[in-house]
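For reference, the chains in residue letters:
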Amino acid sequence: MTTVEDHQLRTEDALPKARRTRLSLIRRALRSAPLSAWFGMIVIAAYVIVAIFAPWLAPYGEAQIFPEPYAPWGGQFVLGTDQLGRDMLTRLIYGARNTIGIALVTTLLSFAVGMSLGLLAAIYRGWIDQLLSRAVDVLMSIPLLIFALMLLSTFGSSVFNLIVIIAILDSTRVFRLSRAVAMNVVVMDFVEAARLRGERLGWIMRREILPNVMPPMIAEFGLRFCFVFLTISALSFLGVGIQPPTADWGSMVRENATLITYGDITPLLPAAAIALLTVAVNFVVDWFLHRTSGLKDEH
Amino acid sequence: MSIKAVSAPREKGAPLLEIKNLRIEGFSDDKWHEIVRGIDITLRRGEVLGLIGESGAGKSTIGLAAMGYAKPGCRISSGSVSFDGIDLLAASESRRRALRGSRIAYVAQSAAASFNPAHRIIEQTIETQLAHNLDRRDKAEQGAVDLYRRLQLPNPEAIGRRYPHQVSGGQLQRAMTAMAMSCHPDLIIFDEPTTALDVTTQVEVLAAIRNIVDQFQTAAIYITHDLAVVAQMADRIMVLRYGRLVEEAPTRIMLKTPQEDYTRSLWAVRKLGRPDRPSAEPVLVVDNVTASYGSTIKVLENVNVRVPRGRTVAVVGESGSGKSTLARAIVGLLPPISGQIVFDGTPLPPALKQRGKETLRRIQLIYQMPDTALNPRQTVRDVIGRPLEFYRGLNGRECDRKVGELLRLIELDDHLIDRLPSELSGGQKQRICIARALAADPEIIICDEVTSALDQIVQEEILKLLMRLQQEMGVTYLFITHDIATVRAIADEVVVMHRGKVVEQGPKAEVLSPPHPAYTDLLLSSVPEMDPDWLTGVLTRRAEKGGLKAAGN
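Residues numbered from 1 in each chain as written. Chains lettered and ligands numbered in written order. Predicted model: local features only at pLDDT ≥ 70, side-chain atom pairs only at ≥ 80, totals over all residues.

1. As for the overall build of chain A
Moving on, step 1. A count of helices and strands for chain A gives 12 helices and 0 strands.
Moving on, step 2. The 299 residues of chain A split such that 38% are buried.
Moving on, step 3. Across chain A, contacts joining residues at least 24 apart in sequence account for 67% of those joining residues at least 6 apart. (Helix = DSSP H or I, 4+ residues; strand = E, 2+ residues; numbered from the N terminus. Buried ≥ 20, exposed ≤ 12 C-beta atoms within 10 Å, placed from the backbone. Contact = placed C-beta atoms within 7 Å.)

2. Some thoughts on the overall build of chain B
Moving on, step 1. On a plain count of helices and strands, chain B comes out with 23 helices and 20 strands.
Moving on, step 2. Taking 2.2 N^0.38 as the reference for a compact globule, 553 residues should give roughly 24 Å; the C-alpha atoms of chain B span a radius of gyration of 25 Å, in line with that estimate.
Moving on, step 3. Along the longest, intermediate and shortest principal axes, the C-alpha atoms of chain B span 75 × 55 × 45 Å.
Moving on, step 4. Burial analysis of chain B (553 residues in total) assigns 47% to the buried set. (Rg over C-alpha atoms; globule rule 2.2 N^0.38 Å.)

3. Thoughts on the packing of helix 7 (residues 144-155) of chain A against helix 8 (residues 159-186) of chain A
All names here are of chain A.
Moving on, step 1. Between helix 7 and helix 8, the least distance of the axes is 10 Å, while the angle of their chain directions is 150°. Judged by the twist between their axes, the crossing of helix 7 over helix 8 is right-handed. Residue-level contacts link Leu 144, Phe 147, Ala 148, Leu 151, Leu 152 and Phe 155 of helix 7 to Asn 161, Leu 162, Ile 165, Ile 166 and Leu 169 of helix 8.
Moving on, step 2. Here the contact of helix 7 with helix 8 is built from residues that sort into 10 nonpolar, 1 polar and no charged. (Axes fitted to C-alpha atoms, helices over the stretch in contact; angles between N-to-C directions. Left-handed = near helix turned anticlockwise from the far one by under 90°. Nonpolar A, V, L, I, M, F, W, Y, C, P; charged D, E, K, R; others polar.)

4. Some remarks on the sheet that holds strand 2 (residues 31-44) of chain B
Moving on, step 1. Pairing is antiparallel across the open sheet formed by 4 strands, whose spatial order is 2-1-4-5 (chain B). The open sheet terminates on both sides in strands that have one partner only, identified here as strand 2 and strand 5 (86-87) of chain B. (Pairing = 2+ DSSP bridges.)

5. Details of the sheet that holds strand 8 (residues 219-224) of chain B
All names here are of chain B.
Moving on, step 1. Spatially, the 6 strands line up as an open sheet ordered 6-7-8-3-9-10, and their pairing is mixed. A single partner strand is all that each edge strand has here, and the edge strands are strand 6 (104-107) and strand 10 (244-250). Pairwise comparison of adjacent strand axes, ignoring direction, gives a mean angle of 15° for this sheet.
Moving on, step 2. Relative to the sheet, helix 8 (residues 169-181) contacts strand 6 and strand 7 (187-191), its axis offset from that of strand 6 by approximately 170°.

6. So, the domain arrangement of chain B
All names here are of chain B.
Moving on, step 1. Assigned domains within chain B: domain 1 (15-267) and domain 2 (282-378 + 441-529).
Moving on, step 2. Placing a centre on the C-alpha atoms of domain 1 and another on those of domain 2 gives a separation of 34 Å.
Moving on, step 3. The interface is formed by 14 residues belonging to domain 1 together with 12 residues belonging to domain 2.
Moving on, step 4. Looking at the side of domain 1 that touches domain 2, the elements that each hand over two or more residues are helix 9 (199-216), helix 10 (227-233) and helix 12 (261-268).
Moving on, step 5. Element by element, the count of residues in the side of domain 1 that touches domain 2 is highest for helix 9, at 4 residues. (Domains from an automatic or database assignment.)

7. Side note on the pairing of strand 9 (residues 236-241) of chain B
Residue and element names in this part refer to chain B.
Moving on, step 1. Relative to strand 9, strand 3 (residues 48-52) runs parallel, the two sharing 4 bridges. Its bridge partner being in strand 9, Gly 50 is matched across the sheet by Ile 237.
Moving on, step 2. Hairpin connection of strand 9 to strand 10: 2 residues between the antiparallel strands, including Tyr 242 at a positive phi of 50°.

8. Observations concerning the environment of Gln 470 of chain B
Residue and element names in this part refer to chain B.
Moving on, step 1. For Gln 470, the position within the fold is in helix 19 (residues 456-473).
Moving on, step 2. Remark: the alpha-carbon pair of Gln 470 and Gly 310, spanning 160 residues in sequence, is separated by 7.0 Å.
Moving on, step 3. When residues no more than four places from it in sequence are discounted, the contact partners of Gln 470 are Thr 312, Val 475 and Tyr 477.

9. A short note on helix 16 (residues 380-392) of chain B
Moving on, step 1. In this model helix 16 of chain B runs 18 Å from its N-terminal to its C-terminal C-alpha over 13 residues, within 8% of the 18 Å that 1.5 Å per residue would give.
Moving on, step 2. Approximately 25° is the largest bend angle found in helix 16 of chain B, and it occurs at Arg 386 of chain B, with the proline Pro 387 of chain B only one to four residues beyond.
Moving on, step 3. Every buried residue belonging to helix 16 of chain B is among Val 380, Val 383, Ile 384, Gly 385, Arg 386, Pro 387 and Leu 388 of chain B, and all of these are buried.
Moving on, step 4. On its buried face, helix 16 of chain B sits against helix 9 (189-197) of chain A together with helix 17 (396-409) and helix 18 (426-439) of chain B.
Moving on, step 5. Remark: Gly 393 of chain B follows helix 16 of chain B within two positions and exhibits a positive phi of approximately 70°. (Expected span 1.5 Å × (residues − 1). Bend = angle between axes of the 7 residues up to and from the residue.)

10. A word on the environment of Tyr 60 of chain A
Residue and element names in this part refer to chain A.
Moving on, step 1. Mapped onto the fold, Tyr 60 is located in the loop between helix 4 (54-57) and helix 5 (88-124).
Moving on, step 2. As for Tyr 60 and Leu 89, which are separated by 29 residues in sequence, their C-alpha atoms are 8.8 Å apart.
Moving on, step 3. Filtering out sequence-adjacent residues up to four positions away, Tyr 60 remains in contact with Asp 87 and Thr 90.

11. Things to note about the nonpolar core
Side chains that are nonpolar tend, in soluble globular proteins, to be buried together.
Moving on, step 1. Residues Ile 221, Tyr 222, Val 315 and Phe 479 of chain B are the most contacted members of the largest nonpolar core, which totals 228 residues.
Moving on, step 2. It is helix 5 of chain A that contributes the most residues to this core, 15 residues altogether.
Moving on, step 3. Residue contributions to this core reach at least three from each of two domains, namely domain 1 (15-267) and domain 2 (282-378 + 441-529) of chain B.
Moving on, step 4. In this structure Phe 479 of chain B touches Thr 312, Val 313, Ala 314, Val 315, Cys 447, Ile 490 and Ala 491 of chain B, once residues within four positions along its chain are discounted. (Core = buried A, V, L, I, M, F, W, Y, C linked by C-beta atoms within 7 Å.)

12. Comments concerning the pairing of strand 20 (residues 501-507) of chain B
Residue and element names in this part refer to chain B.
Moving on, step 1. Inspection of the sheet shows strand 19 (residues 493-498) paired to strand 20 by 6 bridges, in the antiparallel sense. Paired with Met 497 across the strands is Val 502, a residue of strand 20.
Moving on, step 2. Between the antiparallel neighbours strand 19 and strand 20 lie 2 residues, among them Arg 499 with a positive phi of about 50°.

13. Overview of helix 18 of chain B
Moving on, step 1. Given a rise of 1.5 Å per residue, 14 residues ought to cover 20 Å, and the 20 Å separating the end C-alpha atoms of helix 18 of chain B matches this to within 8%.
Moving on, step 2. A positive backbone phi angle near 55° is found at Asp 441 of chain B, which sits one or two residues after helix 18 of chain B.

See the structure below:
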């Protein structure tokens, strides 16, 4: 490939060349995006809009109770009401805001913790690396859901606890990946050149290493977001996640599960909302991974 | 052995490979670009054709096309490749695969990257034979051992049982040649087989390849950018540039009377030189330094080097001689066990962390591979601007102005300021590395093999640039290299290193002229010259002397 590129560089040198801006790169990437990625992006955008504008989109208040529980679809309540007589559509719309918001904050926190420790381990190696890696091994050896259940029942299931506990448990995976990717970058000459220049650790991490580990980490972010999202939903379903009256898809499934026995599919709606978002995120991540990993077939 | 039976019926001189009007396109930036633009090649049995040109000339692509193969991202758009009457481009993939390995073989530049580290060498040598059902296992293994012997590998019976990482680079390259020869092919394509090797090892690999090609009457395409090498190997030379033929002639005629300007410019590269200059007071003194990785093997042993101010000191030696380690010890990456490094009259703290910003600024290092020395995510502005900001506190427009100045100083246009390294050529990248070092306004620059990853023409440009900069700014160079031609071109003083020790040290004229210590002699006599009889001469002279064993064994 070098021959191809070299030659091209030479021919291009002759022409004055406009700087490729980030925007134009993104536009070009979008143009070549496959249908599945477009589908994923549109679905995600729709979810985000619903989450942000929930109070304006929802027909009623989040915890507003009406006299008729388990109302059928149609009429005053488009998707009926739940076991306490709250409008199902309203709960679904607010659920997007709560569940996605909490999952996003949790994933961000887990990446902040996991990546900084991962980069530290990759740069320092030695005992710091050993200590961090073994600690992570111990955390990872305990099944995530059971560990989270245990911690949440010990410390109580507030939103804050939920975010911190899941973020820390999840950051172990982020640590492993970022450490492995950063190991390959740390040995490069340009990192050594920065050290020889006398740069501080923070600068080397932020400016020399971080930009080079970003592509796999962004892809991982999408995947981890899905897992966090599912974990929170699962915990809510089990009763230790997001607490009522806050609307949340996981607990909505649990609370209305009895309807299934009467052939009413209402409890499946929040489950479908979770599934659709997970699929959409995965489509986008797949496309991104495909672009950055060099797996693409060049023909 | 069955070798005679196989090679005997071949008729020398009949056409073997005919390539007509070959055009190949490469895909990048969402477009197809033509990289080989109409090449004709006729190769007869037993003939060796040399393809030379700078990188981007399309040599390797043509070499692969001779096997009917195009790399991923490339396609053969028109033309024909006919091997022994078989149209390779029209033939089915399975037909081509049957030919590859058994009748057409390929030797890649980096044997280390081409061998599977998980299998023994002999397994990989005979793999093609077994895959094509040409021989039984025991006979194939016998054949492989015989080839190892002909290629003068040490301990031919046992070396095949080793794994690739257990032998040296030169040995591995010869094992790869054995792999290519194992099926006694009609045609072998050598793609820069010695470029990654030391000169002392290169001689042996060249001699082995030439021998075996002669013995088996194999036709070969020899791809390289090193003229002196191709002069030893080829019967006929084709000079390529930008995917087109520049000139084609038999080797001796080509060397004596090149017709085209471009060819002559290739020839002229090796004539760079500089007048002698008087020595000066030392700016850097390496005083009895011993250093090691871990605690067992000493990579540097009692090394003494004196670097005069404003001069160029070249450190030469083959790989593993400790010359790069010396650089690491000086910059503080590898604190020595004993001895000290005195810079400008004061001893330097051994470790990097103990050195102040000002000390770091005055000693700069330029790396061999600009690809890994530049952060792929930083633009030229970031790369050159950072030392300006870091050491001198420049920022904003003032910093940009200075970056522009530095770019002009290294003879690059300042519109490159927003480019990423991936948008620059190899030579441009190395210039950026030089500018990064200059931005610190250093007193001494350590150049670690800065030209060895570059083409000859680009090498010459970089060397000229470095010499000009020295004249203008009075900067001192410690120039680490394994290339004696480079030493001749730029050095004032020469230090010869071998196995962690300094073998010889002194002014260039003194070190490069006889009498030499044995190792210096080996090193100097191994540098290929532009004379087609050079290799034969060297080999006979060494055979007469008999005693001196080359480092490869």
